[in-house]
2 protein chains.
Amino acid sequence: MSEALIYLDPESRLSLQHQIRQKLVEGIMAGTFPAGSRLPASRKLAEQLGVARNTVVLAYEQLIDEGLLESRERSGIYVSSGVFEGRIGFHGPSAAQAELDTRWKERIRTEAGKRPRFQFPDDWQRHPYPFIDGHFDTSLYPTAQWREASRMALGARIVNEGTLTEGDADDPELIEQIRTKMLPRRGIHARADEILITVGAQNALYLLTQLLVAKDLAVVMEEPGNPKMRQLLALRQAQVIAQPVDENGMVISSRIDRAQVVYVTPSHQVPTAVTMATQRRHALLNKAHQLDQLVIEDDFEHESNFLGQPHPALRSMDSDNRVIYVSALPKVLAPGLRIGFIVAAPELIREARQLRQMVIGRPSLLNQRTAALFLSLGHYDAFMSKLHQETSRRWLALRDALNHYRPHFVTVPNQGGSVFWVLCPENIAVETLAREAARRGILIEPDTHYYAVPSASRNCFRMGVTSIPAERIREGVKQLRELMWELASGESELLDESDSSLLRAADLARVMPGSNWIYQTVYGDPATFELGADGSMRGRAGHANEDCDEGRWWIEGNTWCRQWKHWAYGEEGRFFITLQGQQLKIYNTDGRLVDSAIIHPQCD
Amino acid sequence: MSEALIYLDPESRLSLQHQIRQKLVEGIMAGTFPAGSRLPASRKLAEQLGVARNTVVLAYEQLIDEGLLESRERSGIYVSSGVFEGRIGFHGPSAAQAELDTRWKERIRTEAGKRPRFQFPDDWQRHPYPFIDGHFDTSLYPTAQWREASRMALGARIVNEGTLTEGDADDPELIEQIRTKMLPRRGIHARADEILITVGAQNALYLLTQLLVAKDLAVVMEEPGNPKMRQLLALRQAQVIAQPVDENGMVISSRIDRAQVVYVTPSHQVPTAVTMATQRRHALLNKAHQLDQLVIEDDFEHESNFLGQPHPALRSMDSDNRVIYVSALPKVLAPGLRIGFIVAAPELIREARQLRQMVIGRPSLLNQRTAALFLSLGHYDAFMSKLHQETSRRWLALRDALNHYRPHFVTVPNQGGSVFWVLCPENIAVETLAREAARRGILIEPDTHYYAVPSASRNCFRMGVTSIPAERIREGVKQLRELMWELASGESELLDESDSSLLRAADLARVMPGSNWIYQTVYGDPATFELGADGSMRGRAGHANEDCDEGRWWIEGNTWCRQWKHWAYGEEGRFFITLQGQQLKIYNTDGRLVDSAIIHPQCD
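Fair warning: this is a prediction, and the values are worked out from it, not measured in the lab.

1. Digging into the overall build of chain A
For step 1, the next point in the chain: Check the secondary structure of chain A and you find 16 helices and 24 strands.
For step 2, the next point in the chain: The proportion of buried residues among the 604 residues of chain A is 57%.
For step 3, the next point in the chain: Expressed as a percentage of contacts within chain A between residues at least 6 apart in sequence, the contacts between residues at least 24 apart total 65%.

Written as structure tokens, this is what we have:
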């Protein structure tokens, strides 16, 4: 504590010795002088404070008597190592503090949004099956490349360049890299004066809502939609029009006509990951043009589209500069970096820059320059391609697993992103499922906080793949299905072995050969199985049968067995089967319903 | 541009070829496809866009005809290297843009403060005499140490620690370092839940004004005072009480009684660098306690106090948790880093954290961890001591130079900080001086933007030392004095050689021996010179004669000459002198008034 200041109040009614004691105790209790740390010699402290040495000696002695300090021979005075032992509730709020609380309530003039927020546990990495979105497992970090860029940014030459001034300009190198490397991937042409750097996309949305939204101004949001934007609009006391989302993205209807600002996440809708269809995009832009609406395009996770070509950004289709584009450097580039940006009309960028100056000054130029170097060294393209490959692998693994463990998982079809939006079984409340799953190390995100009111929940949940290795995805989904069974016990459909519709060995041998099964995949595609009379089996899935497989089937006792070459992980399966009319129900050997299909008997 | 997206609109009235042309031109004009860059082969682009190859070929050919593209044999199609030659005003606003401007005006609901802001030129480093504050010359950066910390922060082990989550907690390591290394230097004990990290001190003040200030709420500010805070209060439409500052800091009077929040910069007042006296601090805290006012303490440049011990922070004297302490990591640690913090009651920190989540998400954890490592590696103490030493050297050099080139410089006494607040001669407008000085490579900051209204300017300016090497300080001050002479020409006092009061050789020989000269130093201390009859000379300055020197004097023709051992840089000086009553006026050999004193004739 040699550098610590003790302030003695000449006007205090307390003696100097008492004041010194008091300050030392304060420092020990607050942890400024940690247990076991050495205090300055009495002579030195006395000198520093301008008091007699004896005053300090007496203060020290009293604290030694009380056990707060201890004197170690030929070494000095130390804070006792056991100073906090036996003290309980030291940090707990006292009665005085509770009173203060109400006083602070009166002093606070702006209520930050009090909506319940969902947050994954901080120790999510200790959960074996973290199906969470927005976090990344560290295997994806381009640590070495980032370190190189960081080292260069700290290099004396760059620091000398004189860009590090008090002004409000962003690093021109970063603007140039975003302009020529990132935005063209989204079909966007932008001049330097149309781009502003922010502290992550959150800061971009904050600046925009502060600038463009006022009390009672009508603003469109998707429903379900981004809870962070909802909070920002609440802060501005906007009038929010919650517009439904379907499998083509946000519905464009006359409900949104009276809005002045439209907030939309067309690339991968937050939270459903649905991509907005081209017709919808045109309809939205036409309306905006006719009604002079501004459109805030939050280009969330534009980097990942695993089926088909990515759509260009809305802004690339905007001929009269009314789309305001918000995006960010991929979080996984450098965790905790927080660089976002706005692309918009220069008039708006100018205003946003002025507001930014007041709100944060300017986003760290050190980080800006590091990001610029990372991009300009060519790491970005290589990294994005690696990231795309890996995320795609995981996304397909989750899709396969959800499909394999049907019918408990039904998803809204999407073309990528890094999440699936999954319908929870009706007989289980999604919040119960999420809570119980977390106890078993499976993290999923219930949908409740994505709606204007939590009661609008449609009992869905999100599963993301950025944080879970591909290898663990199947097992996580399997365990989640087992949990669903458990939670629904009593209500769940179990095979009744005396069920007259149960197909026994002889029934199977009669019904199955030459039959066709028809069902839908978890992602809504039609699929058929053709069971040959010779025990061969063919499967086709997709609207154009783009996914095919072959396998074999056989009968063992009263069970029907099958093994595909690739589908169902190429594993053998044994099932009990019931038939009512044309409806097949498929049970595992524990008697759990695992699938269903429509059967067409042999055609010939 | 291989990764660039071109979006073709199937519903457009334009042909595909025309659309491709249009998009290419847009891209070239916006610089997305820079001059000299290669375009994809027509076959490839056609494939990507799903159009016939000939459509692309025709679009390319037309652009080649127009000179925008050029075909290089056996190599491909390139954007012409001379594409922008002869185009003027490409970036200039068109009539359409001017119209847009008024539309944007209507759309912007929050006016960011439009007060004129002062800003040093971005190329300040090219000025030989940058007496500017808040910038740092790069010689002070602890680049190697920072790089070490940065490398460690990027290390896989730390990234793995799982602190990099989506939550709103700050890096616990940084909180701990601030708590135990930085705050004790200011006499402050704080628990972890009393500290919040912000994006620089600016962001801290923004969050606090958003939380604690509402429309028409009375807030005290120093006058002159921090223009950034004034802007923030204007944004909240607060009612500002502009409270005068004297050499003891802000005046505490009944004028501030009706305020609910008091903003003050006690360590080194912004802009005058005056330190608030202890009695004033007590008066402020007593009043705040009686009237239940909150005090925001902006602990600006607490690190530098060159005369005497630093004062502990106001917050260290605050017994009922109403002082809200704002500070930042020294900018010079890592330029562009931007880490500030608030220390306050946990209730307020909680609210500020929630608001921060909406405004920026969270300050970069990468930077937080790097700063924490820098502090914990022990670099901070070593660096601060080096910084203190160097700033102190410069501060004293500026003080000496201002004193040497009196009487054109009169400063408000201060105990450190890194600036001087200097009175501009009455016959020169400070803004003229600053403008003309900048033309000669001397940067000084006029006082106008520090007042509630610019017309309140007291014709002062600030000179800072963080960006100018000690070696250049004297020459900069000298040239500034020469500029003052020039600007005041016609009005300035020039020696009239026929002046009857001019002391000629014989007069000097009669008057000088054994006389005492009395005057004041630039920083307000009394000083005396005793001229011995034998040509020796003794000087004493300071209230307790703490600064003494010896020298010699003599007469050459009609001039009086002197040389001190240390004072006046130990250089010989030749002067013409006039005497009216007891008033000596001292002119250089060009006839310029350079000093004045009161003379007491020899006592014996």
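Next comes the rest of the description.
2. Regarding the relation of the copies chain B and chain A
For step 1, the next point in the chain: You can overlay chain B on chain A at an RMSD of 0.2 Å; the transform is a turn of 180 degrees with a shift of 0.0 Å along its axis. Classification of the inter-copy transformation places it as that of a two-fold axis.

3. Let's talk about the domain arrangement of chain A
One frequently used descriptor of interface size is the decrease in accessible area upon assembly of the parts.
For step 1, the next point in the chain: Domain parsing of chain A yields domain 1 (16-107), domain 2 (124-139 + 387-487), domain 3 (141-381) and domain 4 (505-600).
For step 2, the next point in the chain: Here the C-alpha centre of domain 4 of chain A lies 47 Å away from the C-alpha centre of domain 3 of chain A.

4. Observations regarding the side chain of Arg-362 of chain B
Residue and element names in this part refer to chain B.
For step 1, the next point in the chain: On the secondary structure map, Arg-362 appears in the loop between α11 (346-359) and α12 (365-376).
For step 2, the next point in the chain: Among buried charged residues, Arg-362 stands out as having no salt bridge; its nearest opposite-charge side chain is Asp-170, 5.8 Å away.
For step 3, the next point in the chain: Engagement of the side chain of Arg-362 in a polar contact is seen with the backbone oxygen of Ala-169, the distance being 2.4 Å.

5. Points about the pattern of salt bridges
For step 1, the next point in the chain: Under the counting rule described, the total for this entry stands at 54 salt bridges over all chains.
For step 2, the next point in the chain: For Arg-353 of chain A, the salt bridge goes to Asp-170 of chain A, with nearest N and O atoms at 3.7 Å. A residue pair is termed long-range when its members are at least 10 positions apart, and Arg-353 of chain A in helix α11 (residues 346-359) and Asp-170 of chain A in the loop between α6 (156-159) and α7 (172-182) qualify at 183 residues. The burial state of Arg-353 of chain A is the same as that of Asp-170 of chain A; both residues are buried.
For step 3, the next point in the chain: Among the salt bridges present, the one from Arg-394 of chain B reaches Glu-390 of chain B, with a minimum N-O distance of 2.8 Å. Taken as a pair, Arg-394 of chain B and Glu-390 of chain B lie in helix α13 (residues 379-404) at a separation of four residues, close to a single helical turn.
For step 4, the next point in the chain: Taking relative accessible area as the criterion, Glu-390 of chain B reaches 17% and is therefore assigned buried.
For step 5, the next point in the chain: One network of salt bridges, with partners in common, ties together Arg-107 of chain A together with Asp-292, Asp-320 and Arg-322 of chain B.

6. Quick look at the interface of chain B and chain A
For step 1, the next point in the chain: Across the boundary between the two partners, chain B contributes 113 residues, which contact 113 residues of chain A.
For step 2, the next point in the chain: For the pair chain B and chain A, the summed buried area comes to about 9,900 Å², and 55% of that belongs to carbon and sulfur atoms.
For step 3, the next point in the chain: Inspection of the region where chain B meets chain A yields two salt bridges.
For step 4, the next point in the chain: The partner of Arg-107 of chain A in a salt bridge is Asp-292 of chain B, with the nearest N and O atoms 2.7 Å apart.
For step 5, the next point in the chain: Here chain B and chain A share 16 residue pairs in polar contact (both at pLDDT 80 or more) between them.
For step 6, the next point in the chain: For the side of chain B that touches chain A, the element with the highest residue contribution is α11 of chain B, accounting for ten residues.
For step 7, the next point in the chain: Looking at the side of chain B that touches chain A residue by residue, the classes come out as 45 nonpolar, 37 polar and 31 charged.

7. Re helix α15 (residues 470-487) of chain B
All names here are of chain B.
For step 1, the next point in the chain: Across its 18 residues, α15 extends 26 Å between first and last C-alpha, which sits within 8% of the 26 Å expected from 1.5 Å per residue.
For step 2, the next point in the chain: Taken together, the buried positions of α15 are Ala-470, Ile-473, Gly-476, Val-477, Leu-480, Arg-481, Leu-483, Met-484 and Trp-485.
For step 3, the next point in the chain: At its buried positions, α15 is contacted by β3 (129-130), α13, α14 (430-439), β14 (442-443), β16 (460-464) and β24 (593-600).

8. What about the sheet that holds strand β24 (residues 593-600) of chain A?
All names here are of chain A.
For step 1, the next point in the chain: Reading around the circumference, β17-β18-β19-β20-β21-β22-β23-β24 is the order of the eight strands in this closed barrel, with antiparallel pairing throughout. Ignoring which end each strand starts from, the neighbouring axes of this sheet average 35 degrees apart.
For step 2, the next point in the chain: Looking at chain direction, strand β17 (residues 516-520) and strand β18 (residues 526-531) are connected through five bridges and run antiparallel. In the sheet register, Tyr-519 faces β18, and the bridge partner there is Ala-527.

9. Side note on helix α3 (residues 53-65) of chain A
All names here are of chain A.
For step 1, the next point in the chain: With 13 residues, α3 should reach 18 Å at 1.5 Å per residue; the first-to-last C-alpha distance of 19 Å fits that figure.
For step 2, the next point in the chain: Looking only at α3, the buried set comprises Thr-55, Val-56, Ala-59, Tyr-60 and Leu-63. Down the axis, α3 shows its buried residues gathered within 130 degrees of arc, on one side only.
For step 3, the next point in the chain: Against α1 (16-30), α2 (42-49), β1 (69-72) and β2 (76-79) lie the buried residues of α3.
For step 4, the next point in the chain: Just downstream of α3, Gly-67 is the residue with a positive phi angle, here 85 degrees.

10. Description of the nonpolar core
For step 1, the next point in the chain: Membership of the largest hydrophobic core comes to 72 residues, with the highest contact counts inside it found for Leu-212 and Ile-324 of chain A together with Leu-212 and Ile-324 of chain B.
For step 2, the next point in the chain: Among residues more than four places away in sequence, those in contact with Leu-212 of chain B are Trp-104, Arg-107, Ile-108 and Arg-109 of chain A together with Leu-217, Val-261, Leu-294, Ile-324 and Leu-348 of chain B.
For step 3, the next point in the chain: Counting 36 residues, the second-largest nonpolar core is a separate cluster that includes Tyr-141, Val-332, Leu-375 and Leu-387 of chain A.

11. Some thoughts on the sheet that holds strand β9 (residues 294-298) of chain A
Residue and element names in this part refer to chain A.
For step 1, the next point in the chain: Pairing within the open sheet is mixed, and its eight strands lie in the order β4-β11-β10-β9-β8-β5-β6-β7. In the strand order of this sheet, the two ends are held by β4 (195-198) and β7 (249-250), each with one partner.
For step 2, the next point in the chain: Packed on one face of the sheet, α7 meets β4, β10 (323-328) and β11 (340-343) and runs near 110 degrees to β4.
For step 3, the next point in the chain: Across the face of the sheet, α11 comes into contact with β4, β10 and β11 while running at roughly 25 degrees to β4.

12. Side note on the packing of aromatic side chains
All names here are of chain A.
For step 1, the next point in the chain: Counted by the stated rule, this structure contains 21 aromatic pairs over all chains.
For step 2, the next point in the chain: Between the aromatic rings of Trp-395 and Phe-420, the centroid separation amounts to 5.1 Å while the plane-to-plane angle is 20 degrees, which identifies the pairing as stacked. With a gap of 25 residues between them, Trp-395 in helix α13 (residues 379-404) and Phe-420 in strand β13 (residues 419-423) connect regions that are remote in the sequence. As far as burial versus exposure is concerned, Trp-395 and Phe-420 are alike and both buried.
For step 3, the next point in the chain: An aromatic cluster is present here, built from Trp-517, Tyr-519, Phe-529, Trp-560, Trp-564, Trp-567 and Phe-575 joined pairwise through their rings.

Reading the values: rules and limits
Residues numbered from 1 in each chain as written. Chains lettered and ligands numbered in written order. Predicted model: local features only at pLDDT ≥ 70, side-chain atom pairs only at ≥ 80, totals over all residues. Heavy atoms only, no water. Helix = DSSP H or I, 4+ residues; strand = E, 2+ residues; numbered from the N terminus. Buried < 20%, exposed > 50% of the residue type's maximum accessible area, 1.4 Å probe, protein only. Contact = heavy atoms within 4.5 Å. Least-squares fit on C-alpha atoms with pLDDT ≥ 70 in both. Domains from an automatic or database assignment. Lys, Arg positive; Asp, Glu negative; His and termini not counted. Salt bridge = Lys/Arg side-chain N within 4 Å of Asp/Glu carboxyl O. Polar contact = N/O pair within 3.5 Å; in protein donor to acceptor, adjacent residues only side chain to side chain. Buried area = accessible area lost by both parts, 1.4 Å probe. Nonpolar A, V, L, I, M, F, W, Y, C, P; charged D, E, K, R; others polar. Expected span 1.5 Å × (residues − 1). Pairing = 2+ DSSP bridges. Axes fitted to C-alpha atoms, helices over the stretch in contact; angles between N-to-C directions. Arc of directions from axis to C-beta. Core = buried A, V, L, I, M, F, W, Y, C linked by side-chain atoms within 4.5 Å. Phe/Tyr/Trp six-rings, centres within 6.5 Å; stacked < 30°, edge-to-face > 60°.

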